[in-house]
Structures are given as C-alpha cells and as structure tokens.
Amino acid sequence: MRLQLRALLRTDSLNSLASRKTALVALALGGLTALTGLLLPANPAWAAIPTLTRAEIIARAESALATNYTWGRESWTPDSPGTAGPDCSGYALKCWEVPQTLLYQEEQGVNSNFSPRYTSYSFYNCLGPWYALSSRSLLKQGDVLAKHDGDSGHVVIYASGDAWNSPIIYEAPGSGLTVRRVSRYLGSEYRPLRRNYVVDSPIILDNPTAKSIGGSDVGGNWTRSTSVSGYHGDNYQVRAATTGTAWARWTPRFPTSGAYDIYMRWTAASDRASGALVTVNTPSGQYKRIVNQRVNGSTWYSLGRYTFAAGYSPTAGSLTLYATGADGYVIADAVMFVPAQ
Amino acid sequence: MTRKSLRNISPPAPRSLALVLSLCALLACTVSVPDLAKGTEQGDLTVTQVTTSAESQAEEAGAQSAEPGAEPGGTGPEEADPGPTDPSPGPVPTVSQGTLLVNLPWGEGPGQVGLARPSEGLCRGPEALRVANDGRLVILDSVNRRLVLLAPDGSFLANWPVELRDPRFLAVDAQGVYVLDPDTDKQLVCLDWGGTVSARLTLPALDGVVTALLATERGPCIETGHDQVFLVDRTAGITKSTAGGTKSPSGGKVVAAITKRLAGRPLDNALTRVAQVTFNPASGIEVRSSRLDQQTLVLHPLGTARPRLDLNSAVEHLISVDPVSGGEMVIGGRLASPVDSRQGRAAIVVSRFKLGEDGGPAKLPAASLYLDDRSFAYVGLPYVVAPDGRVLQPLATRDGYLILLHHFAAQPSAGSLDSVSAPSPQEVNP
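Residues numbered from 1 in each chain as written. Chains lettered and ligands numbered in written order. Predicted model: local features only at pLDDT ≥ 70, side-chain atom pairs only at ≥ 80, totals over all residues. Heavy atoms only, no water.

Help me understand the overall build of chain A, please; the structure alone is not making it clear to me.
A count of helices and strands for chain A gives six helices and 22 strands. Out of the 341 residues belonging to chain A, those deemed buried represent 61%. Residue pairs in contact within chain A that sit at least 24 positions apart in sequence constitute 71% of those at least 6 positions apart. Of the accessible surface of chain A, which amounts to about 10900 Å², a share of 53% is contributed by carbon and sulfur atoms. (Helix = DSSP H or I, 4+ residues; strand = E, 2+ residues; numbered from the N terminus. Buried < 20%, exposed > 50% of the residue type's maximum accessible area, 1.4 Å probe, protein only. Contact = heavy atoms within 4.5 Å. Areas by Shrake-Rupley, 256 points an atom, 1.4 Å probe, with all protein chains shown as cover.)

What is the right way to read the pattern of salt bridges from this model?
A side chain of one charge can pair with a side chain of the opposite charge when the charged atoms of the two come close. One pass over the full model with this rule turns up 39 salt bridges over all chains. Here the residues in one salt-bridge network are A:Glu171, A:Arg180, A:Arg184, B:Arg124, B:Glu127, B:Asp166, B:Arg168 and B:Asp183, joined through shared partners. (Salt bridge = Lys/Arg side-chain N within 4 Å of Asp/Glu carboxyl O.)

For this particular structure, what's the right way to read the sheet that holds strand 22 (residues 384-385) of chain B?
Sheets are built from strands that pair by backbone hydrogen bonding, the pairs being arranged parallel or antiparallel. Residues and elements named next belong to chain B. Reading across the sheet, the four strands line up as 1-24-23-22 and stay open at both edges, with antiparallel pairing between neighbours. The sheet is open, and its two borders are formed by strand 1 (99-105) and strand 22, each paired with just one other strand. Pairing between strand 22 and strand 23 (residues 391-396): two bridges, direction antiparallel. Note that in strand 23 the partner of valine 385 across the bridge is valine 391. (Pairing = 2+ DSSP bridges.)

What's the story with the nonpolar core in this structure? I'm lost.
One recurring pattern in soluble globular proteins is that nonpolar side chains are buried together. All names here are of chain A. Core analysis: the largest hydrophobic core is formed by 33 residues, its most contacted members being Tyr91, Trp96, Phe123, Trp130, Val144, Ile157 and Leu193. Elements that contribute at least two residues to this core include exactly helix 4 (54-63), helix 5 (88-96), strand 2 (130-132), strand 3 (144-148), strand 4 (153-161) and strand 5 (167-171). At six residues, helix 5 tops the list of elements feeding residues into this core. With sequence-adjacent residues up to four places away left out, isoleucine 157 is seen in contact with Ile57, Ala61, Tyr91, Ala92, Cys95, Gly142, Asp143, Val144, Ile168, Ile169 and Tyr170. Core analysis: the second largest hydrophobic core is formed by 32 residues, Ile203, Val291, Ile331 and Val335 among them. (Core = buried A, V, L, I, M, F, W, Y, C linked by side-chain atoms within 4.5 Å.)

Would you mind going over the environment of B:Asp340 with me for this structure?
Residue and element names in this part refer to chain B. Note that aspartate 340 resides in strand 19 (residues 328-341). Judged by its relative accessible area of 55%, aspartate 340 falls in the exposed class. As a C-alpha pair, aspartate 340 and aspartate 372 span 32 residues in sequence and 9.4 Å in three-dimensional space.

Teacher, can you tell me more about helix 4 of chain A here?
An α-helix turns once every 3.6 residues. As a result, residues three or four positions apart point the same way. For helix 4 of chain A, a buried count of 10 out of 10 residues is recorded, marking the element as mostly surrounded by other parts of the structure. Listing the buried residues of helix 4 of chain A in full gives A:Arg54, A:Ala55, A:Glu56, A:Ile57, A:Ile58, A:Ala59, A:Arg60, A:Ala61, A:Glu62 and A:Ser63.

Can you walk me through the confidence of the model for chain A in this structure?
When pLDDT is low, close inspection of the predicted coordinates is not appropriate. Residues and elements named next belong to chain A. Taken over all residues, the pLDDT of chain A has a mean of 81, while the share at 70 or more is 77%. Ranking the elements of chain A by mean pLDDT puts helix 1 (residues 2-9) last, at 33, and strand 5 first, at 98. Across residues 102-113, where pLDDT falls below 50, the model places 32 contacts with residues more than four positions away in sequence or in other chains. Ignoring residues within four places in sequence, the model shows residues 210-216, a span with pLDDT below 50, making 31 contacts including any to other chains. (pLDDT = per-residue confidence, 0-100.)

Quick question: what am I supposed to make of the packing of aromatic side chains here?
Geometry of an aromatic ring pair is reported as the spacing of the ring centres plus the angle between the planes. This structure, assessed with the given rule, holds 14 aromatic pairs over all chains. Taking 5.7 Å as the distance between ring centres and 75° as the angle between the ring planes, the aromatic pair formed by A:Trp76 and A:Tyr91 counts as edge-to-face. Pair noted here: A:Trp76 is in the loop between helix 4 and helix 5 and A:Tyr91 is in helix 5, with a separation of 15 residues, a long-range link. Take A:Trp76 and A:Tyr91: they sit in the same class, and that class is buried. Members of the aromatic cluster, joined through ring pairs, are A:Trp96, A:Tyr118, A:Phe123 and A:Trp130. In this arrangement the basic side chain of A:Arg184 is found over the ring face of B:Tyr378, its NZ or CZ atom lying 4.5 Å from the centre. Its end group placed over the ring of A:Tyr124, A:Arg191 keeps NZ or CZ at 4.6 Å from the ring centre. (Phe/Tyr/Trp six-rings, centres within 6.5 Å; stacked < 30°, edge-to-face > 60°. Lys NZ or Arg CZ within 6 Å of the ring centre and 35° of its normal.)

Help me understand the side chain of B:Asp183 in this model?
Among the structural elements, B:Asp183 can be located in the loop between strand 7 (176-181) and strand 8 (187-192). Reaching out from B:Asp183, the side chain makes a polar contact with the side chain of A:Arg180 at a distance of 3.4 Å. Beyond its immediate stretch of four places on either side in the chain, B:Asp183 contacts A:Thr178, A:Arg180, A:Val182, B:Asp166 and B:Arg168. (Polar contact = N/O pair within 3.5 Å; in protein donor to acceptor, adjacent residues only side chain to side chain.)

Okay, structure coming up:
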C-alpha cells in the first residue's frame, strides 16, 4: 500500500486536478485497506514485477528496433526488422515488464496480446508500478517519458543524452513507421517516469535478453524455475538436454567499444549438464567455451575477456548458451559484462 | 486487442466515491487530504510515515534508483545541478509572443499540412522548417510526404512530393533543398529550386543517431549525436567526415578522416570554419572553433569559448547552434525547469552571441529570447533561425500549423532578462 502511495505522491505535478483526484482515490483505498487490517497492495501485480537492471531494459528495447509499429500490440520477435512490432505503450510496458494483471505471462510459446494493459494514459498518470521524477535532469537509461492530452498520448524510453545532453530515445512512433532509436525534441508536456524495482548495476542481463517472447532470443522450449536456490533475480530458465534446437542468447547494448570481462551464472546440481556449450559472439569471431553446471553454482563464473564494438549486435556482441547435445539440464540464469579496467 | 479494450482501462473513480473513501483514509493514514492539497500547491509533498513490508522491499530493491527529489524537502545529490548554470533567484523571463506569419490548416490540400495523431503514438505535424537566403520558407510536411514552399510573406507557392516514407530532416542552400529519411528508407533526396529531384543517395550506416541535416557550399552535411558531421558529396554519397571517415555506399573512394577530436558543425556556408559544441549541465557549454583548410580538409584549432545561455536558470540541453549573417552565432537551449510568467511558460532560451577573432562566441549573449514550447504536436525543433537572424517558431495547434516570427531585442545589460520584449507587428511583418 505504502509503495503505491509513494509512487503516486512522488509526482511533482500533483497540482493538476486529475492528479489530485488520483491521489485522493489512492489515499482512500489505502485508508480502507488499513482499516480492514489488510496490508496487501491493492493491485497484486504491482508487487509481482521483477527487479530489472537498466541494461536489461535497453537490451529489450534494442531487440525491437526496425520492427513495424502495430497499434494495440505489445509483443515482437526479437531482432526481426520488418516484422510486427509494438505500439508506443506496448513497447514501454514490455521493456519494463510491467503487466497490469497477474494473468500476463511471457513464457515460451505465449506471444499473445492481453487486455487490459497499460497505455500512455496509464503511464502519464502513474497508474502502475512507477513514479514521476521531479526533474528531467534526473533521467537515467531505461526511464521513460510520457505525455497524454486526453485523446492521444506517447511514451518513449530514455536511452541517454548526446553531446548536447539532448535526449536519445527509443520509440514506436506510429502507423507506417518503425520502432527506432532517435534524437527528438521533447516538449514540456512529457513527464519523466521511473519504474519501481530498477537497479543501477554493471551490465547484467537476467535470463536471456528478451525473456522468451517466442522469438530468436530463445530457441527451443525453456521454462522458468526456482527449484534450486541461489539464482540471480527472480528465477532462472531451464532446458532439458536435447538433440533438437535449444539455445538462449544474451545481447547487451555495449556503451563503448573495448574489452569486457564476461561472467555467467547458473544454479548447480547433479542433474545439470557437465559440459554445456557457450559461444561468445564478437566482431572478431565466435569463441567456444564449455561450462560445467554441476559445480560453481550461484557465483559469477568468469568466461574470459573479449573485445566488443559499441552498440547492439546479436551476431557480434552477444553470448549464446546451448542445451543441444548436453548431458543434463542446462540453466540460463544471468550473464554479466564488465568493462575491463 | 480492440480499440475499445484499450480505452476501457483505468476508468476514473466517481468523485463522490473518492470523497467518501478519502474520509476513511483520513482515519487510517497520517497524511490528511488538506495536508496533501497544501503540499501540492507548495510542491513539497510529505508522505505518510507508515511502513509496510512491501515498502521495505521496495526501498531495498530500488535503493539505487530512489528518487531524492520526491522525498520531503529532498535535495539529494542527484538533484544538485552545480556549475555555471546553477539556478539562482532572478527576474522572471519575459516570454516572446512573436507575430503570426502564417497559419496552415491541417489537411492534404494546397496550403495545408498533415497531422498524424495516433491514440498510442507520436502526434506529429511537419517535422522541419527552413528559411532560404531569399526569405522563402520550406516546410517538410512529413505526414503528407511532401515539401510545402511558402513566399517570405507566408503565402503558398507550391507543393513538391518527396518519395520518402519517413522524411524527418531538411536543409536548404542556393542549389536547392535536401530531405533526409535516416530511419526507414535511409536516403537523402536532393531537389533543385524547381522541385525536381536531382539526386537520391542511399546512406551507409552512420555511427550514432542523426541529429541534423545542414547545408554548405560543399554539399549537405549529416550530423550524428550532435558531435560528428559527415559531408555528403551530392554525386557520390558520403565521402568525407569531420569525425571518422566512411565509405561511399557503392564502395567507392575512402577519404581519410580529418580529425575525430575536432568534429563539429559548419559555421559558414563556405565551410571555412567549424565548431565542436558540447554541453553538460554541470560544466556548461564549450565551443571549440577550428579553421578548415579548403585544400586538405584538415582542421586547425582556433580557440575554445565557454558561452553562457542564461544567467538565472539551469539549462537541460542545447537545442540548436546556428551561424547567422554578420558574424554571429545563435545558441538555444531548453530550460531544466520551465518558468511560468504572465506571458506564458518560458521553456526555451535562444541567445545571440557575437563571434570573436578566434571564431568563438563571446561569453555573454548580445541578446536573448524566451519561448514557450506549447506545441500540440511534434514539429521538429521548436525554433528555427533564419539566415538573417530572425527566429521562427513552428507551433501546432488543434486547428493548424502556425509559424511565429520573433526578433531579438538588444540586451542592455547581461542578465537583465526583463529587457527582452516581444516585437511589434510592424517590426516583424515582412
């Protein structure tokens, strides 16, 4: 309850009538909850969202670039330019992984739209697990900016400032246009917003980049699990050994060109693969590594140092883990990319 | 998903219900509605001290993303905005009202411009406006995929179709008009002043997002990230870069980079000087001027200047840097905290600087304008500088696309912002 109140009250623009009404309703609901002795969030989905790193949000945003804006859609096949993509709010809610109902799942094979969902109206009025920033100068990678004028609204994901500190954003602008990373002047009507449970960190991607949207970032049937403790984030993904296609890929957006130390994480157990294949995909080629997932669990296991170019490239700036041909369960938990000192 | 389902979410609670429920809240929470209202007006909301387990988890999980500005009286380290543009109490700027040059209705006919207004997407009108040396105006009517040519007095002259799916940038010079679609078709189209397409160039992959299309006598220039500028050969594609160099799309000649460190915007049409302009909220603006050797295309540093846009308000980011005739430079920025005044909301400051012998701008502006940014739809940059130094402000309303004219007024003393006033119609009407 308190979380919601804070999310609402953290707006710096409650001087609008609409926001005051929202705050009143929130306070009223909070009051009722307290009176009845219930200290649960009014909307359980708000507490159910996972912790995300900013790198994860950006990696997701990158995976949708050049897909086609599709009104009412919030799914896309990662790294597939020219295919159906999201609308603006669908793009943001997917990158933020903020479902409005607990029914929303992204498990393998589930690639459908859902209703109700958050829209630009929801983002602008802070009707979900996020809050308004008091100034745009506080924006960080992975935050969003939203506007809504009653009939129309837009949501964009903040990427960075350029040499003039002008905002570079990710957006799904409209019909006939593609999802893109652009520089755009954003007027005062855009409100800066931050998702709850977003952490600053090194480049850590929890589970494969696009969280199994049914697209190319996960091949084969991977399922989520929490059976063995010590995983990073909220769960890990697991795949039984197979002779068929089964792989998971992590693709960050590298902020600068240079050398990065790569670490991988899994939960160890005796039924795991003793020799799972990992490929590190770099501009200079593909490097193969083997990891024994029966040991070294729940630690950041070093895979070595590699050189990458700045930007996002699934083919030359990623890491792929294979369950194909393994001799046990293969665990896709998290990967960390640390700039070499 | 149906359109109806999108609209049906989050219905507003009936006012009466909210009021009844709020009484319950008064009994249970330490924050009262009157307190909330009071705090709202003062902009310093306080929050209940009740702590739940969910709250604790939230704070733990989001410790690094905590929003200091939302805390009671919060002025955490993130909010600090030190440096030369550190805000301090000062006069409220006067927002220039400008004079209406033209109002084009939304539509597809002659003298009209297109408006796209998706319910979930970017509301946009024309995405660029440029003024030729002779005063003619060119509007990039992106939605209708065409150019609209206006006479200096705003009267309609012609429509020219542009065969690009997503034209976003525009530049003009004596030879013609250039239109760039960097995202979808990734092409640059060159037209002469009769509207005939003279060249259509496919761009190679550029490092960074495109931030401007500029015109010089040596050809159009594409700027990325506001720090790298690629000079385009009209016939062979991109051949030279002030940053890193690149190949022509056909695999033609590769020209060595001039220098990566001294990348920058052209300061004149002849491309004899360029300026690398950077801005950081903490350290302010830095302008590194260089002379460009016309034979070798090597840059020779001239000097570094640190002009200040506004003495009383922090600047969030720069908007544009434009050379104007008479050896001056116009720099505009968006204020970090737009200021309300009786004339409107000052969100943008546009300052005119005299250039020194080293090519860099003076430290303090010779004159400044304050503009609002109340455009109903995205119209590209919120202002455009004409070659003669006038400032044009494109503005979208629900009825149409307006162009307002602003003139700089002399600024008798630096920092005396009240001295800037709106020009009279007689002053600005052509």
